[in-house]
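Results of the structural survey
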Amino acid sequence: MRDDQYIAPATPAGRFYDPFEDDGPAPEFAPEPDYADEPAFAGDADASREPAYSEDADTFRERAAPRIETRTRRPREPRQAEIFTVFAPCPQGLEEALTAEMQALGYEDAKAGRAGCSFTSDWSGIQRANLYSRLATRILVQVAHAEISHEDDILDLARDTPWERWFGAEQTLRVDTSAIKSPVQSLQYCNLRAKDGICDRLRELEGERPSIDTVRPDARVHLFLTGHTATLYLDTSGESLFKRGWRLDKGEAPLRENLAAGMLALAGWDPAAPLLDPFCGSGTILIEGAWIALGVPPGISRPFGFERLRDHDAYRWRDLKEDARARILPQLEAPLVGYDLNPQAIEYARNNAERAWLTADSIRFEVGDARHVTAPADHGWIVTNPPYGERMGAEQDPDLWREWATCLKHNFAGWELHVITSDLTLPNQMRLKPKRRIPLHNGALDCRLFGFELVAAGYRDA
């Protein structure tokens, strides 16, 4: 499955208003003057010598002061921000974890769906979701939804959608299409119909159509087809959210960052507790763990698609990021340690940590064999992505898992172990009984996240 292909549920369409339109607060009316604190005549130099009120002062004021007709008026309530329906796709298996994350971020109506979750939010909340979500792949705003009976209905749907609110002929465009259980014959033709509808509308309104850029477009639109419905989404993320901006050295078969963060969430890791990865590769799990523990928003160092849309409020976005930076903790409370047999992988991990603005003492990366490591504390979590599939190669050590299990049993009593693998026989090879097995997809690989509790007693040597 390509990075740009995802599965999203179709959801009912809503009404749309300009999220950037703001009438400002209701006007404030000046109170009626309090004449008791003023002289009888504002322009009479001698008036201050006498009391402002005399026996018939009220009668005098009624004659001298200009008559002001006052009307009572209820102040107008500020217009409420427009609320959008949003879908956030994620790797399959992380739907419930993503929903819990969104609810923790304040999106109370977040609901798990197929390969993602849906919720409602105003435009500011959409920006916050991009900045703070560790598990989502994108933040997609639903802009149109309709029943269709033919591919050409997609053209009409796209042409009737007010794209000019977000982008125009001066910006570049990319359209992607995906489907599930849709009777359409050609996704490519549907994609072309959507693109033509968008471009036709903008050309009619603005005299020119946007250029197509499939590599780095200013605006991205996603068409999703299911059954006999079509839904159009505006992509506010740009590049996938798992691209945090720090990982340039990837090593061999790396985990995507949002899957690594999802593993930590599913493992129930306490950010104040030690974390160990004995097969750390380029350091993705531990760097994600460090950012979680420090409270670093995953999107703090990268650009987003909504920044290139029309009417983007750069000042408000800057304030949102500055507020996020102010909440980052100065240091970690517990050790984070990574080992790998490959010195090149350890070099990659250290380079990535440096680009993630982590100091050299934040994570301890060392060349080491998982079968001979020692525990950095008396309790903690081991969360790891050991070699499996193509990474194992033809020269796999048949004793690796048995010897690693022996090390864990002897040195890590009191720890929790969570391992992602496509090898469903791994627990048997390690002679450990998993307490949990969670289906996950690592790219195209059907995997399981196995959870074990390592206890001091009850083990026999493997």
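A brief report on the enclosed structure follows. Everything numeric in this text was worked out from a predicted model, so none of it was measured. (Residues numbered from 1 in each chain as written. Predicted model: local features only at pLDDT ≥ 70, side-chain atom pairs only at ≥ 80, totals over all residues. Heavy atoms only, no water.)

1. Here we look at the overall build of the protein
Applicable threshold: What counts as a helix is a DSSP run of H or I of at least four residues, what counts as a strand is a run of E of at least two, and both are numbered from the N terminus. Type-normalised accessible area, obtained with a 1.4 Å probe on protein chains alone, sets the label of each residue: buried when under 20%, exposed when over 50%, and partly exposed for intermediate values. Should any heavy atoms of two residues lie within 4.5 Å, those residues are considered in contact. Each accessible area is a Shrake-Rupley estimate made with a 1.4 Å probe; only the visible protein chains count as cover when residues are assessed.
A count of helices and strands for the protein gives 11 helices and 14 strands. With 462 residues in all, the protein has 48% of them scored as buried. A fraction of 78% describes how many contacts in the protein between residues 6 or more apart in sequence connect residues 24 or more apart. Split by element, the accessible area of the protein, about 23900 Å² in all, is 48% carbon and sulfur.

2. Comments concerning helix 6 (residues 257-267)
Most of helix 6 is tucked away: 10 of the 11 residues are buried. Among the residues of helix 6, those classed as buried are Glu257, Asn258, Leu259, Ala260, Ala261, Gly262, Met263, Leu264, Leu266 and Ala267. Downstream of helix 6 by one or two residues, glycine 268 has phi in the positive range, about 75 degrees.

3. Let's talk about the sheet that holds strand 1 (residues 84-89)
For the record, the criterion: Here, a strand pair is defined by DSSP locating no fewer than two bridges between the strands. Note on geometry: axes are lines fitted to C-alpha atoms, helical ones only across the stretch in contact, with angles between N-to-C directions running from 0 to 180 degrees.
The 7 strands are arranged 2-3-1-4-7-6-5 in an open sheet whose pairing can be described as mixed. For this open sheet the edge positions go to strand 2 (111-113) and strand 5 (173-180), each flanked by a neighbour on one side alone. Ignoring strand direction, the axes of neighbouring strands in this sheet form an average angle of 30 degrees. Where helix 2 (residues 95-104) meets the sheet, its contacts fall on strand 1, strand 2 and strand 3 (116-121), and the angle it forms with strand 3 comes to roughly 20 degrees. Packing against the sheet, helix 3 (residues 123-132) makes contact with strand 1, strand 3, strand 4 (140-147) and strand 7 (229-235), and its axis sits at approximately 145 degrees to strand 3.

4. Thoughts on the packing of aromatic side chains
We apply this condition: Whether two aromatic rings pair depends on their centres lying within 6.5 Å, for rings of Phe, Tyr and Trp, where Trp uses its six-membered ring; planes under 30 degrees apart make the pair stacked, over 60 edge-to-face, and the rest tilted.
With the rule as written, the count across this model stands at 11 aromatic pairs. In this structure an aromatic cluster arises from ring pairing among Phe279, Trp401 and Trp404.

5. Looking at unusual backbone geometry
The backbone phi angle of aspartate 311 is positive, close to 60 degrees, even though this residue is not glycine. Positionally, aspartate 311 belongs in the loop between helix 7 (284-294) and helix 8 (314-326). Residues other than glycine seldom take positive phi values, yet arginine 431 does so here, at roughly 55 degrees. Overall, the relative accessible area of 45% leaves arginine 431 in the partly exposed class.

6. Observations regarding the sheet that holds strand 9 (residues 336-340)
Taken in spatial order, the 7 strands line up as 10-9-8-11-12-14-13 in an open sheet, and their pairing is mixed. With one partner strand each, in any of the chains shown, strand 10 (364-367) and strand 13 (436-442) form the two edges of the open sheet. When the angles between neighbouring strand axes are averaged without regard to direction, this sheet yields 20 degrees. Sheet analysis places strand 8 (residues 275-277) next to strand 11 (residues 380-384), joined by 2 bridges and oriented parallel.

7. Quick word on the pattern of salt bridges
This is how it is decided: Should a side-chain nitrogen of Lys or Arg be within 4 Å of a carboxyl oxygen of Asp or Glu, the pair is scored as a salt bridge.
Overall, the coordinates contain 23 salt bridges when judged by the stated rule. Taking the shortest distance from any N to any O, the salt bridge between aspartate 200 and arginine 203 comes out at 2.9 Å. Residue aspartate 200 and its partner arginine 203 are located together in helix 5 (residues 187-206), separated by 3 residues, close to a single helical turn. With a relative accessible area of 16%, aspartate 200 lands in the buried category. The exposure class assigned to arginine 203 is partly exposed, which follows from its relative accessible area of 39%. By sharing partners, the salt bridges in this structure join Asp152, Arg193 and Asp196 into a single network.

8. Brief notes about the environment of proline 183
By the element assignment, proline 183 lies in the loop between strand 5 and helix 5. Remark: the alpha-carbon pair of proline 183 and glutamate 151, spanning 32 residues in sequence, is separated by 9.9 Å.

9. Here's the deal with the nonpolar core
In plain terms, the rule: What is meant by a nonpolar core is a set of buried Ala, Val, Leu, Ile, Met, Phe, Trp, Tyr and Cys residues, joined one to another through side-chain atoms within 4.5 Å.
Judged by nonpolar contacts, the single largest core of 90 residues is most densely connected at Met102 and Phe167. Beyond its immediate stretch of four places on either side in the chain, methionine 102 contacts Ala88, Tyr107, Ala110, Cys117, Phe119, Ala129, Ser133, Ala136 and Ile139. Counting residues in each nonpolar core, the second largest holds 23 residues, with Tyr339, Trp401, Trp404 and Leu432 among its members.

10. Structural notes on helix 2
Within helix 2, the full set of buried residues consists of Glu95, Ala97, Leu98, Thr99, Glu101 and Met102. Immediately downstream of helix 2, the backbone of glycine 106 shows phi near 110 degrees, a positive value.

11. Focus: the side chain of histidine 222
Within the fold, histidine 222 resides in strand 6 (residues 219-226). Histidine 222 gets classed as buried once you look at its relative accessible area, which sits at 0%.

12. A look at the packing of helix 6 against helix 7
Selection criterion: Between 65 and 115 degrees an angle is taken as roughly perpendicular, under 35 as roughly parallel, over 145 as roughly antiparallel, and anywhere else as oblique. The handedness criterion is simple: a crossing whose near helix is rotated anticlockwise from the far helix by less than a right angle is left-handed, and one whose near helix is rotated clockwise is right-handed.
One can describe the packing of helix 6 onto helix 7 by two numbers: an axis separation of 9 Å at closest approach and a directional angle of 65 degrees. Considered as vectors, helix 6 and helix 7 are oriented roughly perpendicular to each other. Read as a crossing pair, helix 6 and helix 7 show a hand that is right-handed. Residue-level inspection shows Glu257, Ala260, Ala261, Met263 and Leu264 of helix 6 in contact with helix 7, the latter providing Thr284, Ile285, Glu288, Gly289 and Ile292.

The analysis is restricted to geometry; functional conclusions fall outside its scope.
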